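Spelled out from the first residue to the last, the chains are:
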Amino acid sequence: MKICIISTYTPEKCGIAEYANELAHTLIDLKIDVNIIAINQGIERLTYPDIVEFVIRRDNIEDYRAAAEYVNLMDVDAVILQHEYGIFGGRWGNYILEFLSNVKVPTLTTLHTVINPFDEKIKAITEHIVNMSDIVTVMSKNALNILKRHYNINARNHIYVVPHGVKTIYVGSREEIRRKLGVSDNFVILTIGLLGPDKGIEYGIKALSDIVKYIDNALYMIVGEVHPKLSIKKRYRKKLKKLVKKLGLEDNVVFVEKFLSKRDYVKYIIASDVVLLPYVNKMQVSSGALSYALSYGRAIVSTPFIYAEEMLSNNRGILCKFKDPSSMAKAIIRIATEPELKAELEAKALEFGIRLRWEYVSLELLSLIANVVELRHKEEVRHYVTPTYSEIS
């Protein structure tokens, strides 16, 4: 089978680019022939790996049509489209409709964001994307419910829940990792990933001012770059550091300001005692950081954005209130002072999270693709009319 993935792609500093890269290499490990059509955001000059065979310039609508024609001429069985409104050109990323209108092979679209439509334009674009795709996957049941409740979908039985994949990486023992990071004697609280105002980092910092009163070895590690699309990124980073200084927490907060390789990303997850997700957007329907924290068996404290509500049910983590440092602090102090609770949270997270590994998720996606490819082939055969011949007299 040959599959084309359309997405932002590494070395782009973007969560979806990382997701597409992991998916591609997992499929290659399964002996699937994979190529990439990369969406270039134009933020920085990129040199793509050889697997990228075509590049779409985000804001050039002609490139989307050309990409569809390119796919149609290739011997491709299916397309996997990674969708996020902001990575495509046009209003609410409507340029991707040019691709979907012209591509002739079966398409599986993964929706990384699903929101309550607050205007008719975003509603119409989303409906077109879903209805023009042969298969749609979302990463949570809550996202599926939003689609069904707020959008006019022609055939709802082609939408499936497939969780965010997690890469399996062995990085050594936890004790050795903590020693190398210099945190062996600390209770490590971690927030990780591309930073921005929607991540609520300031509330985590404010929570720490209460936490250190009870846990004097607490260390809050804020790991990741400010999102490259954030025009005020220097000002945002400066604002966070100013808050740390104001609260007298310089010895208890560490900023690791770099875009991490996935191997380093996993090291920080494993080294932590608590992964804190103080996010402020209730409607967030996926989170790589949460998926990784679950898959590597960490104790998790999170605000109740809809992906977290679902993934942390059945006591797989502790939910705290939005924009409420006191609520975050209480949850983390409980974990730090109740070893049995911490061990229980870690065990339940790991038991559930192991199913999020790409080894399982990729097989779900492949099964869906195989079914739709087979169905498309049957339809093509059905439309073939066998010629008839008149009897020779």
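What this report covers is the structure whose coordinates are included nearby.

About the cut-offs
- Residues numbered from 1 in each chain as written.
- Predicted model: local features only at pLDDT ≥ 70, side-chain atom pairs only at ≥ 80, totals over all residues.
- Heavy atoms only, no water.
- Pairing = 2+ DSSP bridges.
- Helix = DSSP H or I, 4+ residues; strand = E, 2+ residues; numbered from the N terminus.
- Axes fitted to C-alpha atoms, helices over the stretch in contact; angles between N-to-C directions.
- Contact = heavy atoms within 4.5 Å.
- Parallel < 35°, antiparallel > 145°, perpendicular 65-115°, else oblique.
- Left-handed = near helix turned anticlockwise from the far one by under 90°.
- Patch = residues over 30% accessible without salt bridge, like charges linked within 9 Å, V, L, I, M, F, W, Y side chains within 5 Å.
- Areas by Shrake-Rupley, 256 points an atom, 1.4 Å probe, with all protein chains shown as cover.
- Salt bridge = Lys/Arg side-chain N within 4 Å of Asp/Glu carboxyl O.
- Lys, Arg positive; Asp, Glu negative; His and termini not counted.
- Charge placed at Lys NZ, Arg CZ, Asp CG, Glu CD.
- Buried < 20%, exposed > 50% of the residue type's maximum accessible area, 1.4 Å probe, protein only.

### What about the sheet that holds strand 6 (residues 135-138)?
If you walk across this open sheet you meet the seven strands as 3-2-1-4-5-6-7, and the pairing is parallel. Each edge of the open sheet carries a strand with a single partner, namely strand 3 (52-57) and strand 7 (159-161). In this sheet, adjacent strand axes meet at a mean angle of 20° when their direction is disregarded. Pairing of strand 2 (residues 33-40) with strand 3 involves five bridges; the strand directions are parallel. Residue pairing across strands places Ala 38 opposite Val 55, the latter belonging to strand 3. Relative to the sheet, helix 2 (residues 61-73) contacts strand 1 (2-7), strand 2, strand 3 and strand 4 (78-83), its axis offset from that of strand 3 by approximately 155°. Across the sheet, helix 4 (residues 120-132) touches strand 4, strand 5 (107-111), strand 6 and strand 7, and the angle it forms with strand 5 is around 140°.

### Focus on the packing of helix 7 (residues 201-211) against helix 12 (residues 325-337)
Packed helix pairs are characterised by how far apart their axes lie and by the angle those axes make with each other. Axis separation between helix 7 and helix 12 bottoms out at 8 Å; the angle between their running directions is 55°. Comparing the axis directions of helix 7 and helix 12 gives the class oblique. Crossing angle aside, the handedness with which helix 7 passes helix 12 is right-handed. Mapping the contact onto sequence places Tyr 203, Gly 204, Lys 206, Ala 207, Asp 210 and Ile 211 in helix 7 and Pro 325, Ser 326, Met 328, Ala 329, Ile 332 and Ile 333 in helix 12.

### Overview of a positive patch on the surface
Residues Lys 206, Lys 238, Lys 239, Lys 242 and Lys 246 make up a contiguous surface patch of positive charge. Ranked by the residues each element gives to the positive patch, the list is headed by helix 8 (residues 233-246), at four residues. Here Lys 246 shows up in helix 8.

### Thoughts on the environment of Ser 272
Position of Ser 272 relative to the elements: it lies in the loop between helix 9 (262-271) and strand 11 (274-277). By relative accessible area, which is 0% here, Ser 272 ends up buried. Taking C-alpha positions, Ser 272 is 9.5 Å from Tyr 220, a pair spaced 52 residues apart along the chain. Contacts of Ser 272, omitting those with residues within four sequence positions, involve Arg 174, Val 188, Leu 190 and Arg 298.

### Quick notes on unusual backbone geometry
Residues Thr 10 and Pro 11 are joined by a peptide bond in cis, for which omega reads 15°. Even without a glycine there, the phi angle at Lys 31 is positive, about 70°. Looking at the secondary structure, you find Lys 31 in the loop between helix 1 (15-29) and strand 2. With relative accessibility at 74%, the residue Lys 31 sits in the exposed group. One non-glycine residue, Asn 315, lies in the positive phi region at around 60°. Its location among the elements puts Asn 315 in the loop between helix 11 (306-311) and strand 13 (318-319).

### Examining the sheet that holds strand 12 (residues 299-302)
With parallel pairing, six strands are arranged side by side in an open sheet as 10-9-8-11-12-13. The two strands at the open ends of the sheet, each matched to only one other strand, are strand 10 (253-256) and strand 13. Sheet topology places strand 8 (residues 187-192) next to strand 11; two bridges connect them, and they run parallel. In the sheet register, Leu 190 faces strand 11, and the bridge partner there is Val 275. Each of strand 8, strand 11, strand 12 and strand 13 touches helix 12; the most contacted strand, strand 12, lies at about 170° to it.

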